[in-house]
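Spelled out, the chains give:
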Amino acid sequence: MVLAGGILIGNLQSRGLPSLYPAIPVLAGQYLADFWDIGWNSWNTFRLKINQTLIEKTASAIVENGLAKVGYNYVVMDDGWQAYSRDAKSRQQANSTTFPAGILALSKYVHKLGLKIGIYSDAGIYDCGFFPGSWGYEELDAQTYASWEVDYLKYDNCGGFHAGTYSPQERFIIMGNALKNTGRDIFYSLCQWGNQFPWFWADQFSDSYRMSGDIYSSFSVDKSGVCKTAYCLNTGYAGLSVLTIIRKMREISTFQGPGAWADMDMLEVGTGNMTEFEEQTHFSFWAALKSPLIIGADVTTIRQRSLEVLLNKEIIAISQDDAGIAVSYRPELSKENIFQVWAGPLSSGNSEFVILALNEGTNSTDIEIPWSLIPDLEKGGKSRYKIRDVWAKKSLTTNGTNISLQNVGAHQTKVLVFSA
């Protein structure tokens, strides 16, 4: 994996796959995220309309409503914090009207609450809102973020098209190295929409990477022009539904692992009109597929049932499981367009395995899962497992032949945790 001169090739060789990209020079072995981020981001609800008061109130609400206690610790300002020009020393600067105290003062406020703060920029001349991007200013901007005590950078790709013919790998690695050179621990989150299949290379200089175009608050209906597989590109404001993003992960869930995490985009729990079952499904799959869990709702006004979904400690435990292995799609247990079954190992505490059974349909259905088709469990001996139905908050018994799930509701996911 490491070649002469400190060059790494990334996930290709480690997965036994042919090399599709040239080797990328990088600070070898220094971008290994053994954790995945969990927090809040302003974009889904507020777009460009953010300000200092909003960020302060959000940070306080994360603590007050119990989200910080269960692990949500990043407060990320997305696009809209900047002024439209750099200062006299060419540094990015906050909008002095909407962020009058500046970013350092805001960082100190957030840190005093026991949380971490994130900021946004772009690998091009401009960002998505046409504020100054970081292309050509990576070292300066990274040092600026460090001086502001920033803990997280979301790095977008909109302005990348203004950077000429440079590849995403070249543009994104420069900022990755610049952040590392600051000496500050800054989580590096790429937002390049799955462009050029980042699961093959982004693990070498980032902590997470977007695997698709943008989500929007819809469970099953995409906006026009959306493609369904991971190996097609939905850029920018694509408008992908929850179901389509889950579908794309069928092809790339095996790439998940310590080093860098495929980001399925921010959570839409609490932002729109999804049912309780749909929000549970959304949260369950993001957790079990090891996507970063970044809340996109207004947590100062979020409805109670959505807040309870986000606070579910058992689902969060699946996300943060020590093994860091995502569930995988099990076609032999599924019926296309009717129900999906996903499964994978766990290793925290007594938990050893998890199954997700999703009813894709709009009517209730029964789902039968034969023990004989789950070799991971069969070899361990059926009788040794206790089965926990997480959302129902109860134990599940089986007949020794099948795991029988009766009357699974429309768009509901049963999450079953097997423990010794």
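Shown above is the structure to which this text applies.
Residues numbered from 1 in each chain as written. Predicted model: local features only at pLDDT ≥ 70, side-chain atom pairs only at ≥ 80, totals over all residues. Heavy atoms only, no water.

A. Broad picture of unusual backbone geometry. Even without being glycine, Ser-90 reaches a positive phi, approximately 70°. Classification of Ser-90 as partly exposed rests on a relative accessible area of 30%. For Trp-193, which is not glycine, the phi dihedral falls at a positive 60°. Tracing the backbone shows Trp-193 in the loop between β8 (187–191) and β9 (208–210). In this structure Trp-193 comes out as buried when scored by relative accessible area, which is 4%. (Buried < 20%, exposed > 50% of the residue type's maximum accessible area, 1.4 Å probe, protein only. Helix = DSSP H or I, 4+ residues; strand = E, 2+ residues; numbered from the N terminus.)

B. Representation of a nonpolar patch on the surface. On the surface, Tyr-84, Ile-125, Tyr-126 and Phe-130 cluster together into a nonpolar patch covering about 460 Å² of accessible area. Secondary-structure assignment places Ile-125 in the loop between β6 (116–122) and α5 (138–147). (Patch = residues over 30% accessible without salt bridge, like charges linked within 9 Å, V, L, I, M, F, W, Y side chains within 5 Å. Areas by Shrake-Rupley, 256 points an atom, 1.4 Å probe, with all protein chains shown as cover. Salt bridge = Lys/Arg side-chain N within 4 Å of Asp/Glu carboxyl O.)

C. Region of interest: the state of the cysteines. Applying the stated criterion across every chain, the model contains two disulfides. Cys-128 shares a disulfide with Cys-158; S-S distance 1.8 Å. Handedness here is read from the sign of the S-S torsion; for Cys-128 and Cys-158, about 85°, the answer is right-handed. Of this pair, Cys-128 sits in the loop between β6 and α5 while Cys-158 is found in the loop between β7 (152–156) and α6 (168–181), placing the two residues 30 residues apart along the sequence. Exposure remark for Cys-128: the relative accessible area of 18% places this residue in the buried category. Across a sulfur-sulfur distance of 1.9 Å, Cys-227 and Cys-232 are joined as a disulfide pair. The sign of the S-S torsion, about 105°, decides the handedness of the disulfide formed by Cys-227 and Cys-232: right-handed. Each disulfide in the chain links cysteines that, numbered along the sequence, combine into the pattern 1-2, 3-4. Unpaired in terms of disulfides, Cys-191 finds its nearest cysteine sulfur in Cys-128, a separation of 6.8 Å. Relative accessible area serves as the criterion here: at 3%, Cys-191 is assigned to the buried category. (Disulfide = S-S within 2.5 Å.)

D. Layout of the environment of Ile-186. Examined against the element boundaries, Ile-186 turns out to sit in the loop between α6 and β8. Residues contacting Ile-186, with those up to four places away along its chain left out, are Ala-146, Val-150, Asp-151, Tyr-152, Leu-153, Leu-179 and Asp-207. (Contact = heavy atoms within 4.5 Å.)

E. Layout of the nonpolar core. Counting residues in each nonpolar core, the largest one holds 95 residues, and the members touching the most others are Met-77, Trp-81, Phe-283 and Trp-286. Not counting residues up to four positions away in its chain, the partners in contact with Met-77 are Ser-42, Ile-50, Ile-55, Phe-99, Ile-103, Leu-106, Ile-117, Gly-118, Ile-119 and Tyr-120. Residues Phe-353, Ala-357, Ile-403 and Val-408 belong to the second largest nonpolar core, which totals 20 residues. (Core = buried A, V, L, I, M, F, W, Y, C linked by side-chain atoms within 4.5 Å.)

F. A look at the sheet that holds strand β5 (residues 74–76). Here we have eight strands laid out as an open sheet, ordered β10-β9-β8-β7-β6-β5-β4-β11, and parallel in their pairing. Of all the strands in the sheet, the pair left with one neighbour each is β10 (261–263) and β11 (293–295). Each neighbouring strand pair of the sheet contributes to a mean axis angle of 25°, computed without reference to strand direction. Where β5 lies against β6, three bridges are found, and the strand directions are parallel. Bridge assignment links Val-75 to a residue of β6, and that residue is Ile-117. (Pairing = 2+ DSSP bridges. Axes fitted to C-alpha atoms, helices over the stretch in contact; angles between N-to-C directions.)

G. Broad picture of helix α8 (residues 276–288). If you check α8, its first and last C-alpha atoms are 18 Å apart, about what 13 residues at 1.5 Å a residue would give, namely 18 Å. Of all the residues in α8, the buried ones are Glu-278, Glu-279, Gln-280, Thr-281, His-282, Phe-283, Ser-284, Phe-285, Trp-286, Ala-287 and Ala-288. With its phi angle positive at about 65°, Lys-290 sits one or two positions after the end of α8. (Expected span 1.5 Å × (residues − 1).)

H. Expanded view of the sheet that holds strand β19 (residues 413–419). If you walk across this open sheet you meet the six strands as β12-β13-β14-β19-β16-β17, and the pairing is antiparallel. With one partner strand each, in any of the chains shown, β12 (328–329) and β17 (394–396) form the two edges of the open sheet. Bridging between strand β16 (residues 386–389) and β17 involves three bridges; their strand directions are antiparallel. What sits directly across from Arg-388, in β17, is Ser-395. Across the sheet, α8 lies against β13 (339–345), β14 (351–359) and β19, angled at about 140° from β14, the strand it touches most.

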